[in-house]
Amino acid sequence: MSNAKESSLKKILGYAGSHRYLTITGCVLSGVAAVLGLVPYICVWAAARDVLAVFPKLPAAEGAGGLVKWGWLAVFFAAANIVLYFAALMCTHLAAFRTAKNIRKAGMAHVMELPLGFFSGNQSGRLRKLIDDNAGLTEDLLAHKLPDLTAAVLTPVAGIVMLFVFDWRMGLLCLLTMALAVVCMCMMMGGKNAGFFHRYQQEIEKMSAEAVEYVRGIPVVKVFQQTVYSFKAFYSAIQSYSRLASDYAMSCRKGQTGFLTCINGAFALLIPAALLLASEGDVRRVLVNFIFYALFAPACGAMINRIMYMSEAVMEADEAMGQLDQILKEKPLPKASGSRTPKGTQVCFQDVSFTYPGPARPALSGVSFTVRPGSTTALVGPSGGGKTTAGSLICRFWDVTEGSVTVGGVDVREMDAEALMRQVAFVFQDTRLFKESILENIRAARPEASRQQVLEAAMAAQCGDILEKLPEGLDTVIGTKGVYLSGGECQRIALARAILKDAPIIVLDEASAFADPENEYQIQKAFETLVRGKTVLMIAHRLSTVQNADEILVLADGRIEERGTHAQLLEAGGIYAGMWEDYQRSVRWKV
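A few points on the structure. As the structure is a computational prediction, the values presented were derived from the model and not from experiment.

**Digging into the nonpolar core**
Counting 47 residues, the largest nonpolar core has Leu495, Leu508, Val546 and Tyr576 as its most contacted members. No other element matches the eight residues that helix H19 (residues 487-501) contributes to this core. Beyond its immediate stretch of four places on either side in the chain, Leu495 contacts Val427, Ala461, Leu508, Ile523, Ala526, Phe527 and Leu530. Residues Leu364, Val412, Ile505 and Leu553 belong to the second largest nonpolar core, which totals 31 residues.

Given below as structure tokens:
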């Protein structure tokens, strides 16, 4: 466990760069401040000694003249402690903020290098949490707990020395209470509780995820008059978290009770010890020492408290770096071996097999087909058959496991990423629109495009009725002041992007999946503009959209089971013919 923590701390400081020296400076200043903070206790002892040396003739005694000196010394060292600790925290805070910034930048830079397919399996909210929130967890460690760690190490060393300077017997009793407090703390944090923080974070994430799903399902709850208990996953997550937190709290009750008793119970040992020592005759010296130890013992308890809270912050940082490593361990696709220029727009799959990371079952097995320049090839078949996977390999969302995918005779793995993206326009099933104006949403495909070009693309995508009803037309910001678009309208905006990009190869992935009949008609008209003269790979469930395709491929279980034109496949009476019959039956069905 110690090695893991040291490793995490080393990783965090690795992100600090030149600012690690600020962290080191802050820790040194914190250590010096902690040692200076012990000096006022010595001043109190010296003042008590001088007072009791002349007691009860204090007002006229010359020996009491040193009280002012000891008082000012105590104030000076207390002020020095505050100033140095403030300077230490300034250094560590500056370093912490910059380190967290570097962690976020490193995480985002790595994410930008990952294949596009990585984002289809990782929600943006999860990625934000892994990078942003976990980087934030390291701030508390560097800003507060690391300088406190230095103080927590140096203060007990100096404190133990001070315990034995004035009276080793009282010092030994105080040290005993400290040792017992440490034992009680180990009881709380060791054994079965050692991995608590990791389990706690997992339960929090699980409960948060289920809460989001529950909130999304509230309309269903209201419509069908269900209760929270019908959402078993959410209820189970709450119960699991509750059991973990309760079990941990109950398991700590003995250790926490013992810990508080030990760090606050030094008086129970010091008072009888002082009485026994005073019986030997030197009452005034014993009383002076007792005053010192009675004041210093609670300070020793504060030292132990610092260690406990510091270890909690280290566990948080350890967990944060562990989760961040989940992203950093993801490997980007190999860089293109060359920068070959494609000759034409023919897309060719040659004996392609592909398996997603994790599952053992391949998504595609031995798939071969060619999309000729200027033609349209449609992929149809049951869900999970590999249609979307095939389309994503053209854009190099992933690299093939076996075989090759070529564009214009060039393997996509040998093409520069930017050059490949200039060749292909991809219209997703799930449209991604930014919280920006419609103008900027469409212009994302070609940032240098003029306003007129964007408007022409929008009109070609049949977006005229959308712009007419919006308060500011092209300049309307989506997602603000109640401005939201339907699924079909969002799809038309996405098509406008593809039209503006004017790439020679088009991949349409269920582009009309969420459209109502009116939107579907307009989307089909937009398709006519988009695909004119282009090489098109169309992925569709609605068979009405693929009747005119030059070739239809039926994918099932990752293999091409049938291929041909619409008429040829109907005549063959195979899978496609059955799908067509089911589609026709669904069209005729009425309530």
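Past the structure itself, the notes keep going.
**Brief notes about the sheet that holds strand E8 (residues 535-539)**
An order of E6-E7-E8-E3-E9-E10 is seen for the six strands of this open sheet, with the pairing classed as mixed. Both outer strands of the open sheet, strand E6 (424-427) and strand E10 (559-564), are each paired with one neighbouring strand and no more. Put simply, the sheet's adjacent strands are angled 15 degrees from each other on average, direction ignored. Here strand E7 (residues 505-509) runs beside E8; their pairing, made up of five bridges, is parallel. By the bridge assignment for E8, Ile505 is matched with Thr535. Against the sheet, helix H14 (residues 387-394) engages strand E3 (376-380), E6, E7, E8 and strand E9 (551-556), with an angle of about 150 degrees to E8.

**Overview of a nonpolar patch on the surface**
Side chains of Tyr21, Ile24, Val28 and Val32 sit close together on the surface and give an oily, nonpolar patch of about 400 Å² of accessible area. Within the element layout of this structure, Val32 appears in helix H2 (residues 20-36).

**Section: unusual backbone geometry**
Residues other than glycine seldom take positive phi values, yet Asp351 does so here, at roughly 50 degrees. By secondary structure assignment, the location of Asp351 is in strand E1 (residues 347-354). Although it is not a glycine, Gln462 adopts a positive phi angle of roughly 65 degrees. With respect to the helices and strands, Gln462 occurs in the loop between helix H17 (451-460) and helix H18 (464-469).

Here is what the cut-offs are and how they apply
Residues numbered from 1 in each chain as written. Predicted model: local features only at pLDDT ≥ 70, side-chain atom pairs only at ≥ 80, totals over all residues. Heavy atoms only, no water. Core = buried A, V, L, I, M, F, W, Y, C linked by side-chain atoms within 4.5 Å. Buried < 20%, exposed > 50% of the residue type's maximum accessible area, 1.4 Å probe, protein only. Helix = DSSP H or I, 4+ residues; strand = E, 2+ residues; numbered from the N terminus. Contact = heavy atoms within 4.5 Å. Pairing = 2+ DSSP bridges. Axes fitted to C-alpha atoms, helices over the stretch in contact; angles between N-to-C directions. Patch = residues over 30% accessible without salt bridge, like charges linked within 9 Å, V, L, I, M, F, W, Y side chains within 5 Å. Areas by Shrake-Rupley, 256 points an atom, 1.4 Å probe, with all protein chains shown as cover. Salt bridge = Lys/Arg side-chain N within 4 Å of Asp/Glu carboxyl O.

Purely spatial values, then, with no claim about function.
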